Amino acid sequence: MFELLDLIGTMAFAMSGALTAMNKKLDPFGVFIIAFVTAVGGGTLRDVLIGRTPVGWMLNLEYVYIIILAFFLSILFRKKFDKLRTSLFLFDTIGLGVFTLIGLEKGINVGLHPVICIAIGTMTACFGGVTRDILCNDIPVIFHKEIYATICIIGGIVFFALKEFNLNNDILYLITSIVIIVLRLMAVKFKWYLPSLEVKSE
């Protein structure tokens, strides 16, 4: 189930990237590249930072196939995107929870401090979107609109707090992912944002 959710999250992130690229009127190659980096950008950065090379998607072609499928589905159904927006958002939210957990576990497996593990989990979940926005010449969404990254950090704190109780791993994963998913849904529903900071000129 965990691997299935990972693939669903990968597809959702790839479709998010493809649709963003199409809104920018990029050509098919550009759309595919943006879809690809959105889906695997966070995981690639994580693997490079922890010295795990070749990176994950190079060793498992399922990710490449999923991204190619997401690319074609995004093109075929782009006119129906408004109807699919809710479903895509839900998959994206599931991906956020799963990718955070994957990053946390990768950090633990190489013996990193919990604070660094939380940072790695947040990067895994968020930096594909950051790369997408930079390549599309936008300020990354997580830096000015959504509390995407903050939710990942909270999820990581919950994960390590619960880990102190020696819970079964399946229960630990389930509770942490539910916390992330619920917070994400509530943040969007109730429009929770961090306040903007600015320096006012005299």
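Residues numbered from 1 in each chain as written. Predicted model: local features only at pLDDT ≥ 70, side-chain atom pairs only at ≥ 80, totals over all residues. Heavy atoms only, no water.

Undergrad: What is the right way to read the overall build of the protein chain from this model?
TA: From N to C terminus, the protein chain includes eight helices and zero strands. In terms of C-alpha radius of gyration, the protein chain reaches 17 Å, essentially the compact-globule figure of 17 Å for 202 residues. Judged by the C-alpha coordinates and their principal axes, the protein chain covers about 55 × 50 × 30 Å. In the protein chain, which comprises 202 residues, the proportion classed as buried is 44%. (Helix = DSSP H or I, 4+ residues; strand = E, 2+ residues; numbered from the N terminus. Rg over C-alpha atoms; globule rule 2.2 N^0.38 Å. Buried < 20%, exposed > 50% of the residue type's maximum accessible area, 1.4 Å probe, protein only.)

Undergrad: Looking at this model, I keep getting lost on a nonpolar patch on the surface. Mind explaining?
TA: A cluster of nonpolar side chains, contributed by L61, Y65, I68, F72, L76 and F77, occupies part of the molecular surface with about 620 Å² of accessible area. For L61, the position within the fold is in helix 4 (residues 61-76). Note on L61: relative accessible area 44%, which makes it partly exposed. (Patch = residues over 30% accessible without salt bridge, like charges linked within 9 Å, V, L, I, M, F, W, Y side chains within 5 Å. Areas by Shrake-Rupley, 256 points an atom, 1.4 Å probe, with all protein chains shown as cover. Salt bridge = Lys/Arg side-chain N within 4 Å of Asp/Glu carboxyl O.)

Undergrad: Would you explain the pattern of salt bridges in this entry?
TA: Where side chains of opposite charge bring their charged atoms close, a pairing between them can arise. Under the counting rule described, the total for this entry stands at four salt bridges. The partner of D138 in a salt bridge is K24, with the nearest N and O atoms 2.9 Å apart. Highlighted residues: D138 in the loop between helix 6 (114-135) and helix 7 (148-163) and K24 in the loop between helix 1 (2-23) and helix 2 (28-49), separated in sequence by 114 residues. D138 sits in the partly exposed class, given a relative accessible area of 30%. The exposure class of K24 is partly exposed, given its relative accessible area of 37%.

Undergrad: Explanation requested: the packing of helix 2 against helix 6 in the structure shown.
TA: To describe two helices that pack against each other, one gives the angle between their axes and the distance between the axes. At a minimum axis distance of 7 Å, the contact between helix 2 and helix 6 shows a crossing angle of 140°. Classed by the angle they form, the pair helix 2 and helix 6 counts as oblique. Crossing geometry of helix 2 relative to helix 6 is assigned as right-handed. Of the residues in helix 6, those touching helix 2 at I34, V37, T38, G41, G42, G43, L45, R46 and L49 are I120, M123, T124, F127, G128, G129, T131, R132 and L135. When the residues that make up the contact of helix 2 with helix 6 are grouped by side-chain class, the tally is eight nonpolar, eight polar and two charged. (Axes fitted to C-alpha atoms, helices over the stretch in contact; angles between N-to-C directions. Parallel < 35°, antiparallel > 145°, perpendicular 65-115°, else oblique. Left-handed = near helix turned anticlockwise from the far one by under 90°. Contact = heavy atoms within 4.5 Å. Nonpolar A, V, L, I, M, F, W, Y, C, P; charged D, E, K, R; others polar.)

Undergrad: I tried to follow the packing of helix 6 against helix 7 on my own but got confused; where do I start?
TA: Taken N-terminus to C-terminus, the directions of helix 6 and helix 7 make an angle of 140°; their axes are 9 Å apart at the nearest point. Here helix 6 is positioned oblique relative to helix 7, judged by the angle of their axes. Between helix 6 and helix 7 lies a crossing of right-handed hand. Residues P114, C117, I118, T122, A125 and C126 of helix 6 form the contact with helix 7, whose own contacting residues are Y148, A149, C152, I153, G156, I157 and F160. Of the residues contributing to the contact of helix 6 with helix 7, the split by class is eleven nonpolar, two polar and no charged.

Undergrad: What is the right way to look at the confidence of the model for the protein chain in this model?
TA: When pLDDT is low, close inspection of the predicted coordinates is not appropriate. In the predicted model, the protein chain carries a mean pLDDT of 87, and 94% of its residues have values of at least 70. Averaged pLDDT values for the elements of the protein chain fall to 80 in helix 5 (residues 81-109) and rise to 94 in helix 2. (pLDDT = per-residue confidence, 0-100.)

Undergrad: Explain the side chain of T122 to me, please; I cannot follow it from the model alone.
TA: Checked against the element boundaries, T122 lands in helix 6. Here the side chain of T122 touches I118 through a polar contact of 2.9 Å, landing on its backbone oxygen. Those residues within four positions of T122 in sequence are excluded, and the remaining contacts are F127, A149, C152 and I153. (Polar contact = N/O pair within 3.5 Å; in protein donor to acceptor, adjacent residues only side chain to side chain.)

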